[in-house]
Structures are given as C-alpha cells and as structure tokens.
Amino acid sequence: MPKLQRALLAALLSLSLVTHAAGPGGKISVFADKKGRWGASDAAGAVVLPFQFDSAEQLEDGFFRVGRLQKSGQRAYGVFDAQGKEIIPPQFSYIEYLQRFKRFKVTVEAPQYRQGYFDETGKVVVPVIYDSLERISNMGDEPTNIAQRNGKYGYINVLSGKIKIPVEYDTLVVDSLMTDALGNGTAIARKGKKWGVLST
C-alpha cells in the first residue's frame, strides 16, 4: 500500500469516528481529535462536547458518558448534556443510564464499593451509600430496587428516593410476582430468626 494511502487510513482510524442521530440540529459525531482527546460536534461542526476527555460516548436523550484517567490509572466517569453542561462530575467507576426512569445509576469502587442514583439534572436521588442496588426482576420495569447496606436489606423507589422498606432486614424477598408495575405489593422479610410479610 502506498505511503499516502497508509497515512490517510491511519488518520481516519485515529479519529475513531462514531456518528449518532441527533435532534433537529442533525447528526452528532463523537470522536477523538488529533491529540487523542474525546468530544463531540454536530453536523455543522459546532462543538457539542468539549474535546477534553479520555473517552466519550453518547447515551440516549442527548447525554454523554465521559471518562478521565486518574493518577491511579483507573478511569473515572461522568455525564454531560448536549449543551456541554456537566451533569455528574467524572468521579465514578461506572455510570449506567436507565432511560425508562431518566436516572443514572452510579458506582464507586474505591475506597469502598458503593452505589446510588442521580436524576437527569444531576441531583442525588438515592445517596451513594449502598453496597448494592438491584432490580427486583430481569425486566427491570419497576422503579424500585432492593438495597443492601452493611449486610442488611431494604427497598427503595429510585424515582423519588423514598425508602419503602427500611434497610434493616437480614433477608428481603421481593419480585415481580409479588408487586405491581410500580413495585407496590408485598415482601417476605427475615429479622434474626423471625420471618414475616411486609407491605411495600
């Protein structure tokens, strides 16, 4: 392959161009610039997300998950919107966007593994203090999670942040057959050697 063709191919590969459909403004392209810094621009070439990240990808609803390398060598993730406004600072080990609920589930791995939820404005809905936050069914349709903290279990609404069942039970069983589409229903709980049935 001639030198010029190799150079052009290398330049194209270095851009790592990823194009997504956008709103009325046209397509948004997420890519790395010549310095290897990631960002995004629209079809007219206007910068949508500043080129200052070690990684970037477009999520649904016009959000971008961005990553920055830390001194530890680990990547910290955050979220920006389509106006380039920081929604969640890049300080989390992982961020998952739940489009159905307009919520960001965040995870911190060090110094201790913790999870919580932010809304789409960057407001904390469920504090990042739980050892785990898990859906009650594989479908994940209910806006609720079983929360675990310090070996105890409870039940939380991820839309409002309301604790529906206090995080104080040794065992908590809630599933989609025991609740309605909003996660309201019954739960089986154990505290010590005693078992009972709770209303959510």
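Just so we're clear, the structure is a prediction, and the values are computed from it rather than from any experiment.

Novice: Please explain the pairing of strand 5 (residues 55–58) as it appears in this structure.
Specialist: Two faces belong to every sheet, and in a regular strand the side chains alternate between them. With four bridges joining them, strand 5 and strand 6 (residues 64–69) adopt antiparallel strand pairing. Among the inter-strand pairings, Ala56 is bridged to a residue of strand 6, identified as Val66.

Novice: In this structure, what is going on with the pattern of salt bridges? I would like to understand it.
Specialist: For side chains bearing opposite charge, pairing can occur when the charged atoms are close. Summed over the entire model, instances satisfying the criterion amount to six salt bridges. A salt bridge links Arg65 to Glu57, with the nearest nitrogen and oxygen atoms 3.1 Å apart. Under the relative-accessibility criterion, Arg65 is labelled buried at 10%. Measuring nitrogen to oxygen at the nearest pair gives 2.5 Å for the salt bridge that ties Asp170 to Lys152. You can see Asp170 sitting in the loop between strand 16 (163–169) and strand 17 (171–173) and its partner Lys152 sitting in strand 15 (residues 152–157), a full 18 residues away along the chain.

Novice: Mind showing me how you'd approach the packing of aromatic side chains here?
Specialist: The description of two aromatic rings rests on the distance between their centres and on the angle between their planes. Under the criterion given, the structure shown has six aromatic pairs. Taking the centre distance of 5.2 Å and the plane angle of 90 degrees together, the rings of Phe63 and Phe104 count as edge-to-face. Of this pair, Phe63 sits in the loop between strand 5 and strand 6 while Phe104 sits in strand 10 (residues 103–108); the two residues are 41 residues apart in sequence, bridging distant segments of the chain. Neither residue differs from the other here; Phe63 and Phe104 are each classed as buried. Taken together, the ring pairs connect Phe63, Tyr97 and Phe104 into an aromatic cluster. Here the basic side chain of Lys191 rests over the ring of Tyr169, its NZ or CZ set 4.9 Å away from the ring centre.

Novice: I would appreciate a short explanation of the sheet that holds strand 19 (residues 194–199) in the present structure.
Specialist: For sheets, the rule is that strands pair by backbone hydrogen bonds, running either parallel or antiparallel. Taken in spatial order, the three strands of this open sheet run 17-18-19, and their pairing is antiparallel. The open sheet has two free edges, formed respectively by strand 17 and strand 19, since each of these has just one partner strand. Taking each pair of neighbouring strands and ignoring which way they run, the sheet shows an average axis angle of 20 degrees. Of the strand pairs in this sheet, strand 18 (residues 186–191) and strand 19 are connected by six bridges, and their pairing is antiparallel. In the sheet register, Ala187 faces strand 19, and the bridge partner there is Leu198.

Novice: I keep staring at the environment of Arg135 and nothing clicks. Help me out?
Specialist: Tracing the sequence through the fold places Arg135 in strand 13 (residues 132–135). C-alpha of Arg135 to C-alpha of Ile146: the two residues are eleven residues apart in sequence and 6.5 Å apart in space.

Novice: Explanation requested: the sheet that holds strand 5 in the structure shown.
Specialist: The sheet built from four strands is open, its strands ordered 5-6-7-8 with antiparallel pairing. The strands lining the two open edges of the sheet, one partner per strand, are strand 5 and strand 8 (86–92). Strand-to-strand twist in this sheet, taken as the mean axis angle between neighbours without regard to direction, amounts to 15 degrees. Direction of pairing for strand 6 relative to strand 7 (residues 75–80): antiparallel, over a ladder of six bridges. The partner of Phe64 across the bridge, within strand 7, is Phe80.

Conventions and cut-offs
- Residues numbered from 1 in each chain as written.
- Predicted model: local features only at pLDDT ≥ 70, side-chain atom pairs only at ≥ 80, totals over all residues.
- Heavy atoms only, no water.
- Pairing = 2+ DSSP bridges.
- Helix = DSSP H or I, 4+ residues; strand = E, 2+ residues; numbered from the N terminus.
- Salt bridge = Lys/Arg side-chain N within 4 Å of Asp/Glu carboxyl O.
- Buried < 20%, exposed > 50% of the residue type's maximum accessible area, 1.4 Å probe, protein only.
- Phe/Tyr/Trp six-rings, centres within 6.5 Å; stacked < 30°, edge-to-face > 60°.
- Lys NZ or Arg CZ within 6 Å of the ring centre and 35° of its normal.
- Axes fitted to C-alpha atoms, helices over the stretch in contact; angles between N-to-C directions.

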